[in-house]
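Overview (structure and organization)
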Amino acid sequence: MKHARVAYAGAIHDAIEHPAGLRLADGRVLAEDAVVWLPPFEVGTVIALGLNYADHVKELSKELTVTGKDEPLAFLKSPGALIGHRGQTRRPADVKFMHYECELAVVIGRSARNVKRAHALQHVAGYCVANDYAIRDYLENYYRPNLRVKNRDTCTVLGPWLVDAADVPDPHQLALHTRVNGQLTQQGNTRDMIADIPELIEYLSAFMTLSAGDVILTGTPDGVVNVNVGDEVVTQIEGIGRLVNTIVGDEWFGR
Amino acid sequence: MILMLQHALAHPQGEALATEAAVEHWQALAAVDRPGPAFLPPTRGTVYGTLLNHRDALAALGDQVNAAPYKAPPQAPILYIKPRNTVVGHRVPVPVPADALELEMGATLGVVMGRTASRVAAADALTYVAGYTVVNDISVPHASVYRPSMRFKCRDGFCPMGPAIVARALVPAPDALDITVAIDGHTVQRSSTAGLVLPVAQLIADVSEFMTLFPGDVLMVGVAANAPRARAGQTVTITIHGVGQLQNTLVAEAAP
């Protein structure tokens, strides 16, 4: 089943997919554009992976000091940076390079500590699409990637759905695509992750307790390009969802 | 939500909710020289740390800031996040992982937000603060701050906090607070928030320019240079004058 969280008619609702759009828990059936989409669950700790696709590592190799098979490059984001499907993301007027990152998001459903990879998928509730923007103009070489690059308001898009793990037979065989204004700019497949999902859960749970609602953004493949105000960015993962986002300028924020 | 405080907010284990009481009440219940209840963290918001925001911590890097891999001194606040599995309260034991001989005790002031702060001016920033608490930002010692592993800062129990959040009105000068760290009763570090590169109000302004801070969120203002180290079996007490005394004992982590 596919689950969403939306705002409609003065309240926040859980909803599920319906042929006409979505169905709220209270029975109301609504079109996709009749609701405000929120991140599809109450998000706890947000863990993101840098450089977890071999082709993306190659793409960025000029500035790298690491190689592919070292310890996973995991970093943290805060729930405050998240927005839902069909949301708006701000591009500051003075930046030169802001790019999307289409990522498979793995949502933890059962707490996990010292879990071995053979059992790791038993702790996964489901999957979402994430679009994890970065503004590289703000990159500094301390605690990379610093939060000013990676944890800005509106810059992490999550949704539309949380897809039950039971409905995703193999999370490592999913095509990823990003289209900017309809033009294909990024494609990859989750089979090319350097550290796969069980490895990531084993790695993380060896030093920290993962809890229900924690989410792991598993990294992005090659093909990140600059986006501009007015662009519609659609990140899509086979069987998981099609996540739409629009880039807006400073004037929307009174800046 | 708006988090308003007149006195101090704390949450002893066994109580259903965090409650507000006089500072003296919590001081008595949390006193480090006699037994008492363990505490839960006084807030469950997101906890942010600020790197190299103490002048002596920045100075300790010296010319390294201009060499690889850093290549330039920090331009804007460098923040990191202590995830929810790290946050524990006063008197809660902290596990020392089997592969770490000693841990670094990062004593710092925690600024607890009371109102949603987005793009606030420094002149107004303190009005968004509910109060202040004591935080021990624990790390596995690591030399490089270029791209440190989450293993160093994000282990279970690595962010003791409390005992209480003391109302902003009772802490009139957050940029002039003396901080001491004692290990097994011996003072091993003295610092002061007077040493901050970005004082509290300016830090809130600079952070909220790109990232909203929500009520209950905690902004740790930064750890001074030469953070002391402690081992399993030792008891660490951090005192911030006027804010509180936070005490935790380090214990060897149980085998998986």
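The shown structure was predicted, so the numbers you read here are calculated from the model rather than taken from an experiment.

1. With respect to the overall build of chain B
- Counting its secondary structure elements, chain B contains four helices and 17 strands.
- Taken over the C-alpha trace, chain B has a radius of gyration of 17 Å; the compact-globule value for 256 residues is 18 Å, and the two agree within 12%.
- Taking the principal axes of the C-alpha coordinates as reference, chain B spans close to 50 × 45 × 30 Å.
- Here chain B, with 256 residues, has 50% of them falling under the buried criterion.
- Within chain B, counting contacts between residues at least 6 apart in sequence, those at least 24 apart form 78% of the total.

2. Topic: the overall build of chain A
- Looking only at helices and strands, one finds four helices and 19 strands in chain A.
- Radius of gyration (C-alpha) of chain A: 17 Å, near the 18 Å computed for a compact globule of 255 residues.
- Along the first, second and third principal axes, the C-alpha atoms of chain A reach 50 × 45 × 30 Å.
- Taking all 255 residues of chain A together, 50% fall into the buried category.
- When contacts within chain A are restricted to residue pairs at least 6 apart in sequence, long-range pairs at least 24 apart make up 73% of them.

3. Looking at the nonpolar core
- Membership of the largest hydrophobic core comes to 153 residues, with the highest contact counts inside it found for Ala105, Val107 and Cys128 of chain A together with Ile204 and Leu219 of chain B.
- For this core, the domains that each give at least three residues are domain 1 (1-38) and domain 2 (41-253) of chain A.
- Setting aside residues up to four positions removed in sequence, Cys128 of chain A forms contacts with Pro40, Ala105, Val107, Leu158, Gly159, Trp161, Leu162, Ile240 and Gly241 of chain A.

4. Side note on the sheet that holds strand β15 (residues 175-180) of chain A
All names here are of chain A.
- Pairing in this open sheet of five strands is mixed, and the strands run β9-β19-β18-β15-β16 from one edge to the other. A strand with exactly one partner marks an edge of an open sheet, and here the two such strands are β9 (87-90) and β16 (183-189). On average, adjacent strands in this sheet sit at an angle of 25° to one another, irrespective of strand direction.
- In this sheet, β16 lies alongside β15 in antiparallel orientation, the contact comprising six bridges. Counted as the bridge partner of His177 is Gln187 from β16.

5. So, the interface of chain B and chain A
- Taken together, the contact pairs 31 residues of chain B with 26 residues of chain A.
- No other element matches strand β5 (residues 78-82) of chain B, which puts four residues into the side of chain B that touches chain A.
- Taken together, the residues that form the side of chain B that touches chain A break down as 20 nonpolar, five polar and six charged.

6. Notes on the pairing of strand β9 (residues 107-113) of chain B
Residues and elements named next belong to chain B.
- Most of β9 sits out of view: seven of its seven residues are buried.
- Burial along β9 is two-sided: the residues Ala107, Leu109, Val111 and Met113 and Thr108, Gly110 and Val112 are all buried.
- As judged from the seven bridges shared by β9 and strand β10 (residues 129-136), these two strands associate in the antiparallel manner. Directly across from Leu109, in β10, lies its bridge partner Val134.
- Where β9 lies against strand β14 (residues 218-220), three bridges are found, and the strand directions are antiparallel. The partner of Val112 across the bridge, within β14, is Val218.

7. With respect to the confidence of the model for chain B
- Scored by pLDDT, chain B has a mean of 96; 100% of the residues are at 70 or more.
- We note a pTM of 0.96 for the whole complex and an ipTM of 0.96 for its interfaces.

8. Concerning the domain arrangement of chain A
Residues and elements named next belong to chain A.
- Taken as a whole, chain A is organised into domain 1 (1-38) and domain 2 (41-253).
- Here the C-alpha centroids of domain 1 and domain 2 sit 24 Å apart.
- Counting from both sides, the interface comprises eight residues of domain 1 and, opposite them, 11 residues of domain 2.
- Listing elements by their share of the side of domain 1 that touches domain 2, those giving two or more residues are β1 (2-8) and β5 (36-38).

9. A short note on helix α4 (residues 200-208) of chain B
- Along α4 of chain B, seven of the nine residues are buried, which leaves the element largely enclosed by surrounding structure.
- Residues of α4 of chain B that are buried sit in contact with β4 (47-51), β5, β9, α3 (122-125) and β14 of chain B.

10. What to know about the environment of Ala212 of chain A
- In this fold, Ala212 of chain A is placed in the loop between α4 (197-205) and β17 (215-217).
- Sequence separation between Ala212 of chain A and Thr45 of chain A is 167 residues; the distance between their C-alpha atoms is 9.4 Å.

11. Notes on the sheet that holds strand β13 (residues 186-192) of chain B
Residue and element names in this part refer to chain B.
- With mixed pairing, five strands are arranged side by side in an open sheet as β7-β17-β16-β12-β13. At either margin of the open sheet sits one strand with a lone partner, and together these are β7 (94-96) and β13. Neighbouring strand axes in the sheet, compared pairwise and without regard to direction, differ in orientation by 20° on average.
- Bridge analysis of strand β16 (residues 235-240) against strand β17 (residues 244-252) gives six bridges, and the strand direction is antiparallel. Of the residues in β17, the one forming a bridge with Thr239 is Gln245.

12. Focus on the pairing of strand β3 (residues 21-24) of chain A
Residue and element names in this part refer to chain A.
- Sheet topology note: the strand β2 (residues 11-18)/β3 ladder contains four bridges and is antiparallel. The partner of Ala15 across the bridge, within β3, is Leu24.
- Counting the residues that bridge the hairpin from β2 to β3 gives two residues.
- Two strands pair when backbone bridges link them, and β3 and strand β4 (residues 29-30) are joined in this way by two bridges, in the antiparallel orientation. In the sheet register, Leu22 faces β4, and the bridge partner there is Leu30.

13. Side note on the environment of Gly222 of chain B
All names here are of chain B.
- Within the fold, Gly222 resides in the loop between β14 and β15 (229-230).
- Considered as a pair, Gly222 and Gln245 are 23 residues apart in the sequence and their alpha carbons are 18 Å apart.
- When near neighbours in sequence (up to four residues on either side) are disregarded, Gly222 contacts Thr50, Asn53, His54, Ala57, Thr108 and Leu196.

14. Quick look at the environment of Glu101 of chain A
Residue and element names in this part refer to chain A.
- Relative to the helices and strands, Glu101 is located in the loop between β10 (98-99) and β11 (102-108).
- Each C-alpha atom, one on Glu101 and one on Thr156, is 9.4 Å from the other, the two residues being 55 residues apart in sequence.
- Those residues in contact with Glu101, other than ones at most four positions away along the chain, are Asn131, Asp132, Ala134, Thr220 and Val224.

Rules used in this analysis
Residues numbered from 1 in each chain as written. Chains lettered and ligands numbered in written order. Predicted model: local features only at pLDDT ≥ 70, side-chain atom pairs only at ≥ 80, totals over all residues. Helix = DSSP H or I, 4+ residues; strand = E, 2+ residues; numbered from the N terminus. Rg over C-alpha atoms; globule rule 2.2 N^0.38 Å. Buried ≥ 20, exposed ≤ 12 C-beta atoms within 10 Å, placed from the backbone. Contact = placed C-beta atoms within 7 Å. Core = buried A, V, L, I, M, F, W, Y, C linked by C-beta atoms within 7 Å. Domains from an automatic or database assignment. Pairing = 2+ DSSP bridges. Axes fitted to C-alpha atoms, helices over the stretch in contact; angles between N-to-C directions. Nonpolar A, V, L, I, M, F, W, Y, C, P; charged D, E, K, R; others polar. pLDDT = per-residue confidence, 0-100.

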